[in-house]
Amino acid sequence: MSIKDDVIEIAKSAKEASRRLATLSSDVKNRALLKMADGLQKEAEFLKKENEKDLASGKEKGLSSAMMDRLTLSDKVIKGMADGLREVAALSDPVGEVTKMWLRPNGLQVGKMRIPLGVIGFIYEARPNVTADAAGLCIKSGNAVILRGGSEAFHSSMAILKVIHKALEGTGVPADAVAVIPTVEREAINEMLKLEEYIDLIIPRGGEGLIRFVSENSRIPVIKHYKGVCHVFVDESADFKMAEEIVINGKCQRPGVCNATETLLVHEKLVEKFLPAMGKRLIDAGVEIRGCEKTMKLIPQARPAAEEDWSMEYLDLILSVRVVKDIDDAMAHIAKHGSLHTESIVTADYHNSRRFLREVDSSVVLVNASTRFNDGGQLGLGAEIGISTTKIHSFGPMGLEDLTTTKYIVFGEGQVRA
């Protein structure tokens, strides 16, 4: 069979599996997730052996240390995958939930009920643990999933799929509800993106290039997340110590993730007291600062920021710093250069905090907290399949509820329309 034929057959089988999966009880789905979790830990040695093939290939290709770290299936990572599945099993099942009901004058009771989306195509780069995460979230939300991982993690992803399929035997969850495209050829993605008859939603997770390619070539709705240009605005009334801790955490804890702080905006009335000490802490932490003219006067080690720096997702220990006139100037900067991902204000001013929450257009807006909290687990969703910076149909971390939609349900007693 050709790659096209393979992909179509996988998609057809996933569509059929999604219909059966949508009718399963929470207990059946939860038992399947727990068996998957146990299976991953039981087969840890097999998973690590297959992962070694990807690590050897990655080393030959000269992958960065950060990429190799993401690619590695250590005992800790495997335990994390298993624990993640157990956490998803413990979450409330959104499928079948009636979100509201109302009574019409003719006696009809009308409501909205949560239902699965159907089949989700999930395209991601070199993080094999995402295979198990996505499978767990989709099964719990009643969706079949077709996974297409990065070529760097091919052997690892196929090994995880093998363990998952073995665990699903006898659970009532059809094995075809979780599929991995068994090729590294780009043609498979192109064919997958044409199958609107079988696939209901595409979620790409990876670099901006991957997401733009998927968005430009898909006939299927796409959840987009191009990049995370996340800002912290230190307002005039900010507590300096709090602001320093929020900036250091946002930039330095994990600089290579999408919710890391990339730009610091500082109110002009406090820069002389705040910026020198803040700059020293950042430089001591190994951060390169790219600043405006006022920033460079107060932090001599700073380099001049180019115009493109204000819209840059560095994913590294680099931070853009700009002095702004006030909250309006800060919000205007965010509107121009932000990516609708995550923004934070550090302030003691109630009015400014509420303005920032109302007026800043991003998927997560925080007051006096690090941008690193834009994460499904941190926000109490239990888990997420990704962060959406589009607004249809979801905005922000996508947990179980975001993997469902609603349909109308109507109860009558023989009413007919006049």
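### Remarks on the overall build of the protein chain
Scanning the protein chain from terminus to terminus reveals 14 helices and 16 strands. The C-alpha atoms of the protein chain give 24 Å as radius of gyration, which agrees with the globular expectation for 418 residues (22 Å, within 12%). The principal-axis extents of the C-alpha atoms in the protein chain amount to approximately 70 × 70 × 35 Å. Accessible area of the protein chain: about 19,300 Å², with a carbon and sulfur share of 50%. Considering the protein chain, the positive charge centre built from 55 side chains and the negative charge centre built from 59 side chains are found 2 Å apart.

### Quick word on unusual backbone geometry
When glycine is set aside, most residues are seen to have a negative phi, and most peptide bonds are trans. A cis amide bond links Ile392 to the next residue, His393, at an omega of 0 degrees. When you line up the elements, His393 lands in the loop between strand 14 (387-388) and strand 15 (396-397). One non-glycine residue, Leu340, lies in the positive phi region at around 65 degrees. Along the chain, Leu340 turns up in the loop between helix 13 (327-337) and strand 12 (342-346). Of note, Asn368 is a non-glycine position whose phi angle comes to about 55 degrees, a positive value. If you trace the backbone, Asn368 turns up in the loop between strand 13 (364-367) and strand 14.

### So, helix 10 (residues 240-252)
Relative to the 18 Å expected for 13 residues at 1.5 Å per residue, helix 10 spans 18 Å between its end C-alpha atoms, a close match to the ideal helical length. Contacts made by the buried residues of helix 10 are with strand 7 (230-234), strand 8 (261-267), helix 11 (271-284), strand 11 (318-324) and strand 12. At the N-terminal boundary of helix 10, the capping side chain belongs to Asp239, with an oxygen 3.1 Å from the backbone nitrogen of Lys241.

### Notes on the sheet that holds strand 2 (residues 109-116)
Strand order in this open sheet of three strands is 1-2-16, and the pairing throughout is antiparallel. Across the chains shown, the open sheet's two edge strands, defined by having one partner strand only, are strand 1 (98-103) and strand 16 (404-411). Going from strand to strand, the sheet's axes swing by 25 degrees on average, the running direction of each strand aside. Where strand 1 meets strand 2, five bridges bridge the pair, whose relative direction is antiparallel. Residue pairing across strands places Trp102 opposite Val110, the latter belonging to strand 2.

### A look at the side chain of Thr347
Tracing the backbone through its elements, the reader meets Thr347 in the loop between strand 12 and helix 14 (350-359). With relative accessibility at 7%, the residue Thr347 sits in the buried group. A distance of 3.0 Å separates the side chain of Thr347 from the side chain of Ser237, its partner in a polar contact. One polar contact links the side chain of Thr347 to the main-chain amide nitrogen of Asp349, over a distance of 3.0 Å. Thr347 has contacts with Asp235, Ser237, Ala238, Asn352, Ser353, Val367 and Asn368, leaving out every residue within four places of it along the chain.

### Quick notes on the sheet that holds strand 6 (residues 201-205)
What the four strands build is an open sheet, ordered 5-4-3-6; its pairing is parallel. The sheet is open, and its two edges are formed by strand 5 (178-180) and strand 6, each paired on a single side. When strand polarity is set aside, the average angle formed by the axes of neighbouring strands in this sheet is 20 degrees. Bridge count between strand 3 (residues 119-124) and strand 4 (residues 144-148): five bridges; the pairing is parallel. By the bridge assignment for strand 4, Val119 is matched with Ala144. Against the sheet, helix 1 (residues 3-21) contacts strand 3, strand 4 and strand 5, and its axis sits at roughly 145 degrees relative to strand 4.

### Considering the state of the cysteines
Scanning the model with the defined rule gives zero disulfides in all. Lacking any disulfide linkage, Cys138 is separated from the closest cysteine sulfur, that of Cys258, by 18 Å. Exposure remark for Cys138: the relative accessible area of 0% places this residue in the buried category. In this model Cys230 remains outside any disulfide bridge; the closest cysteine sulfur is found in Cys258, 6.8 Å from its own. According to the relative accessible area criterion, Cys230 is buried, its value standing at 0%.

### A word on the pairing of strand 8
Successive residues of a regular strand alternate their side chains across the two faces of the sheet. Extensive coverage of strand 8 is indicated by the burial of seven of its seven residues. For strand 7 and strand 8, the ladder comprises five bridges, and the chain directions are parallel. Directly across from Phe233, in strand 8, lies its bridge partner Leu265. Considered for its hand, the β-α-β crossover made up of strand 7, helix 10 and strand 8 is right-handed.

### Concerning the pattern of salt bridges
For the coordinates displayed, the defined rule picks out 24 salt bridges. Measuring nitrogen to oxygen at the nearest pair gives 3.0 Å for the salt bridge that ties Asp38 to Arg86. Of this pair, Asp38 sits in helix 2 (residues 26-42) while Arg86 is found in helix 5 (residues 75-90), placing the two residues 48 residues apart along the sequence. Between Glu45 and Lys48 there is a salt bridge, with the nearest N and O atoms lying 3.1 Å from each other.

### Details of the side chain of Ser362
The residue Ser362 is located in the loop between helix 14 and strand 13 in this model. Classification of Ser362 by relative accessible area gives buried; the value is 8%. Every residue in contact with Ser362, bar those within four places of it in the chain, is listed here: Leu340, His341, Thr342, Glu343 and Phe395.

The rules behind these values
- Residues numbered from 1 in each chain as written.
- Predicted model: local features only at pLDDT ≥ 70, side-chain atom pairs only at ≥ 80, totals over all residues.
- Heavy atoms only, no water.
- Helix = DSSP H or I, 4+ residues; strand = E, 2+ residues; numbered from the N terminus.
- Rg over C-alpha atoms; globule rule 2.2 N^0.38 Å.
- Areas by Shrake-Rupley, 256 points an atom, 1.4 Å probe, with all protein chains shown as cover.
- Lys, Arg positive; Asp, Glu negative; His and termini not counted.
- Charge placed at Lys NZ, Arg CZ, Asp CG, Glu CD.
- Expected span 1.5 Å × (residues − 1).
- Contact = heavy atoms within 4.5 Å.
- Polar contact = N/O pair within 3.5 Å; in protein donor to acceptor, adjacent residues only side chain to side chain.
- Pairing = 2+ DSSP bridges.
- Axes fitted to C-alpha atoms, helices over the stretch in contact; angles between N-to-C directions.
- Buried < 20%, exposed > 50% of the residue type's maximum accessible area, 1.4 Å probe, protein only.
- Disulfide = S-S within 2.5 Å.
- Right-handed = clockwise from strand over helix to strand, strands pointing away.
- Salt bridge = Lys/Arg side-chain N within 4 Å of Asp/Glu carboxyl O.

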